[in-house]
Amino acid sequence: FGDTVITIGQTGGIMDTGTSLIYGPEDQVMSMIDAIPGAELIPQLQLYLIPCETDLPDLEFQIEGQPYNIPGDELMMKFSQDGEDYCIFSIAVMEFA
């Protein structure tokens, strides 16, 4: 996550093309959340609201040694409600592993 190594060993995660979210182990996800000033949990959704002006770093991971990079600007979902913009961090804690 940017220049921070979240984990070196093997870890689990879920990336589903049917959703805009990436799910990962709590320790790794919380390491990323801790690096985002102003991140705030929305308990009903178990997702994090983040300031829309946040400049998120890229996320790089490997599958069988092949590196993949997700640009930071693709790790945020933006929506508007009642004329205000809100942004959600698109990486969430995997609660069923």
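Quick look at the structure, then.

1. Digging into the overall build of the protein chain
When its secondary structure is counted, the protein chain shows 1 helix and 9 strands. Ordered by position in the sequence, the α and β elements of the protein chain form the string β-β-α-β-β-β-β-β-β-β. Looking at the protein chain as a whole, 29% of its 97 residues qualify as buried. Per element, the accessible surface of the protein chain, about 6700 Å² overall, is 47% carbon and sulfur.

2. Looking at the environment of Met77
For Met77, the position within the fold is in strand β7 (residues 76-81). On the basis of relative accessible area, Met77 is assigned to the partly exposed category, the value being 25%. Separated by 11 residues in sequence, Met77 and Ile88 place their C-alpha atoms 5.1 Å apart. Not counting chain neighbours up to four residues away, the residues in contact with Met77 comprise Ser20, Leu21, Tyr86, Cys87, Ile88 and Ser90.

3. Concerning the pairing of strand β4 (residues 47-50)
Bridge count between strand β3 (residues 40-42) and β4: 3 bridges; the pairing is antiparallel. Note on β4: the bridge partner recorded for Glu40 is Leu49. Where β3 folds back onto β4 in an antiparallel hairpin, the turn is made up of 4 residues, including Gln46, whose phi is positive at roughly 55 degrees. Pairing between β4 and strand β8 (residues 84-89): 3 bridges, direction antiparallel. Bridge assignment links Ile50 to a residue of β8, and that residue is Cys87.

4. Quick look at helix α1 (residues 26-34)
Buried within α1 we find Gln28, Val29, Met32 and Ile33. Summarising the axial view, the buried residues of α1 lie within an arc of 140 degrees, below the 170-degree limit, and thus occupy one face. Structural note: α1 exposes Glu26, Asp27 and Asp34 on the side pointing more than 90 degrees away from its buried face. In the core, the buried residues of α1 are packed alongside β2 (22-24), β4, β5 (59-63), β8 and β9 (91-93).

Reading the values: rules and limits
- Residues numbered from 1 in each chain as written.
- Predicted model: local features only at pLDDT ≥ 70, side-chain atom pairs only at ≥ 80, totals over all residues.
- Heavy atoms only, no water.
- Helix = DSSP H or I, 4+ residues; strand = E, 2+ residues; numbered from the N terminus.
- Buried < 20%, exposed > 50% of the residue type's maximum accessible area, 1.4 Å probe, protein only.
- Areas by Shrake-Rupley, 256 points an atom, 1.4 Å probe, with all protein chains shown as cover.
- Contact = heavy atoms within 4.5 Å.
- Pairing = 2+ DSSP bridges.
- Arc of directions from axis to C-beta.

Everything listed is a geometric property; what it means functionally is a separate question.
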